[in-house]
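Structure at a glance
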Protein chains: 2
Amino acid sequence: MEIKECRSTMDLTREVELTQVRYDEESRTKNRIVREVPLTILVNGTELATMLCTPDKLEYLAVGFLLSEGLIKKEAEIKGITLNEKGWYIRVEIADDDLLEEGMASKRVIGTGCAGGISFYRAVDAKDCLPLKSGVLISREKVFSMMKEFLGMSGLYRDTHGVHSAALCSSEKIEIFTEDIGRHNAIDKIIGECFLKGISTEDRIILTTGRISSEILIKVAKQRIPIIVARSVPTDMAVGLAERLNVTLIGSVRGSRMNIYTHDWRVKVETIPKKR
Amino acid sequence: MEIKECRSTMDLTREVELTQVRYDEESRTKNRIVREVPLTILVNGTELATMLCTPDKLEYLAVGFLLSEGLIKKEAEIKGITLNEKGWYIRVEIADDDLLEEGMASKRVIGTGCAGGISFYRAVDAKDCLPLKSGVLISREKVFSMMKEFLGMSGLYRDTHGVHSAALCSSEKIEIFTEDIGRHNAIDKIIGECFLKGISTEDRIILTTGRISSEILIKVAKQRIPIIVARSVPTDMAVGLAERLNVTLIGSVRGSRMNIYTHDWRVKVETIPKKR
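One structure accompanies this document, and this report is about it. (Residues numbered from 1 in each chain as written. Chains lettered and ligands numbered in written order. Predicted model: local features only at pLDDT ≥ 70, side-chain atom pairs only at ≥ 80, totals over all residues. Heavy atoms only, no water.)

Among the secondary structure elements, Q20 of chain A is positioned in strand β1 (residues 13-22). Side-chain polar atoms of Q20 of chain A contact the side chain of N259 of chain B, separated by 3.1 Å. The contacts of Q20 of chain A, once residues within four sequence positions are left out, are E25, E26, S27, T29 and N31 of chain A together with M258 and N259 of chain B. (Helix = DSSP H or I, 4+ residues; strand = E, 2+ residues; numbered from the N terminus. Polar contact = N/O pair within 3.5 Å; in protein donor to acceptor, adjacent residues only side chain to side chain. Contact = heavy atoms within 4.5 Å.)

The pairing of strands in a sheet happens through backbone hydrogen bonds and is either parallel or antiparallel. Residues and elements named next belong to chain B. One open sheet holds the four strands; their spatial order is β4-β3-β6-β5, and the pairing between them is mixed. Edge positions in the open sheet fall to β4 (46-53) and β5 (78-84), since each of these has one partner strand only. Between one strand axis and the next, the sheet turns through 20° on average, direction left out of account. Two elements, strand β3 (residues 37-43) and β4, share seven bridges in a ladder whose sense is antiparallel. Paired with I41 across the bridge in β4 is A49. (Pairing = 2+ DSSP bridges. Axes fitted to C-alpha atoms, helices over the stretch in contact; angles between N-to-C directions.)

Moving on to the relation of the copies chain B and chain A. Mapping chain B onto chain A calls for a screw motion: a turn of 180° about the axis and a shift of 0.0 Å along it, with 0.0 Å RMSD after fitting. In symmetry terms, the pair is related by a two-fold rotation axis. Ranked by how close their C-alpha atoms come to the rotation axis, the residues of chain B are headed by G182 of chain B, at 5.9 Å. In this assembly, 100% of the residues forming the interface of chain B have copies in chain A that are likewise at the interface, indicating an isologous arrangement. (Least-squares fit on C-alpha atoms with pLDDT ≥ 70 in both.)

Attention now moves to the packing of aromatic side chains. Residues and elements named next belong to chain A. The full count for this structure, using the stated rule, is two aromatic pairs over all chains. Ring centres of F150 and F177 lie 5.9 Å apart, and the angle between their planes is 70°; on these two criteria the pair is classed as edge-to-face. Here F177 lies in strand β9 (residues 174-180) and F150 lies in helix α4 (residues 140-152), a separation of 27 residues in the sequence. Of the two residues, F150 and F177, neither departs from the other in class, the shared state being buried. (Phe/Tyr/Trp six-rings, centres within 6.5 Å; stacked < 30°, edge-to-face > 60°. Buried < 20%, exposed > 50% of the residue type's maximum accessible area, 1.4 Å probe, protein only.)

Turning next to the interface of chain B and chain A. On the chain A side, the residues contacting the 58 residues of chain B number 58 residues. With both chains or domains summed, chain B and chain A bury close to 5000 Å², and 49% of this area falls on carbon and sulfur atoms. Run the count over chain B and chain A and you get eight salt bridges. Linking R28 of chain B and D264 of chain A is a salt bridge whose minimum nitrogen-to-oxygen distance equals 3.9 Å. At the junction of chain B with chain A, the criterion picks out 28 residue pairs in polar contact (both at pLDDT 80 or more). When residues of the side of chain B that touches chain A are traced back to their parent elements, those giving at least two are β1 (13-22), β2 (25-34), β3, β4, α4 (140-152), α7 (214-222), α8 (236-245) and β13 (257-262) of chain B. Of the residues that constitute the side of chain B that touches chain A, the class distribution is 25 nonpolar, 15 polar and 18 charged. Sheet topology places β1 of chain A next to β13 of chain B; four bridges connect them, and they run antiparallel. Residue pairing for β13 of chain B: T19 of chain A is matched across the bridge by I260 of chain B. (Buried area = accessible area lost by both parts, 1.4 Å probe. Salt bridge = Lys/Arg side-chain N within 4 Å of Asp/Glu carboxyl O. Nonpolar A, V, L, I, M, F, W, Y, C, P; charged D, E, K, R; others polar.)

So, in structure tokens, the structure goes:
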């Protein structure tokens, strides 16, 4: 099915008038700030959630969110998506049995020793999130050059300083780029786009400007993405999960510096030869 | 009632071993990263939510969260709070009728023209969030000096770069300081502490390191706090809400520079005389 993308910086920002103080001087001026809208997701007519987001790639966001939350299955057949931009409603139509049983998505796993920082706290994650076997490699040089390119891609960040970015990459180049006020949303937009366009996320790499919490790590690992590269730092729970799920977790990438927290064997000094 | 605080940097961080790349050099080293735990909140025995947070001031976090989400009323009588640190459960006991009717908290307000960026999307917020009448003032100099002091207070940020901070201040000084991996949590910790200790939030000022989205703005305005000062930028929806709710919203505070987005009359050039 064809999904409309609403991708224009004009739509994603708003000009506001404000009082700017610079040392002893004060002036009235105008600045661009990022837009935020409350998007309500309905699946087969049932309201499931309202999320706050940047109004861009909303169809992808809705589907990515439903997949990440385990509200629709990976095998789901999406029959239609209708966005109402006036009321910020999005209606997703799926085959009846694609919806998980009620309560499953939020059900907590009890008694698995969460204190160790390596356990799942939602039943749906424990079920879907198995250790990755991917042998994909990336060169140090590519991590640095892709992060540099990635950080330069967000015109919306340049204009507003109010968004996070995420990207899906091969070992060679950036393939999908997303932005949102929420770091979770930016990744869900990638997941939704891949799902709707039939793009495999296996053996890929995720780049993100945000911090890596357990939620982000689980979201990425559930898509079978073996390498996650963040400009920021991870939490201990994210590191514990990455270790156990065989995910390579790279953080604090700044210029030609980075910290490889887990499974550093996927990062090579030399350039990785292209597959032919 | 007396609430135990678990406030120690040792408890809030974990040392991990990692591979550090610096240009052409690679070494195994150790770094401190911030801890993240899944805290499940039960009210009168019913599981209401699991949140991911930094394990500090969890009693305050739980109560602040329940108040912010409208799950307990402002007049609620809290009979007891018991934290289980092994399983990360917290049990809050309240008088039966303090719990709002089920579904209220997440119910969306329909047909109020959210596209304009100044409407509530949750019924519970529209009900509780009325325009503020506070005439409290702050001097420019105090905004700059309190932000500077505030940014220096987080030893946890210095150690890990993985947390947000928030503070409650009078026009004169910082009174409560909190930290968490989530910017929402840091503010909920303040709200919970004020509630449990009977500290009024009226005429106070909130400082935060995080961006100001509609959720943060609403959380603060519901506590009748008339001035919010952020190191980062707001969204258009937050600015629209601040305008309508008579909240002074200050963002992008860096050194002796700031942007006052709304109700700049509360910020004065000269020092505000102390009340006697």
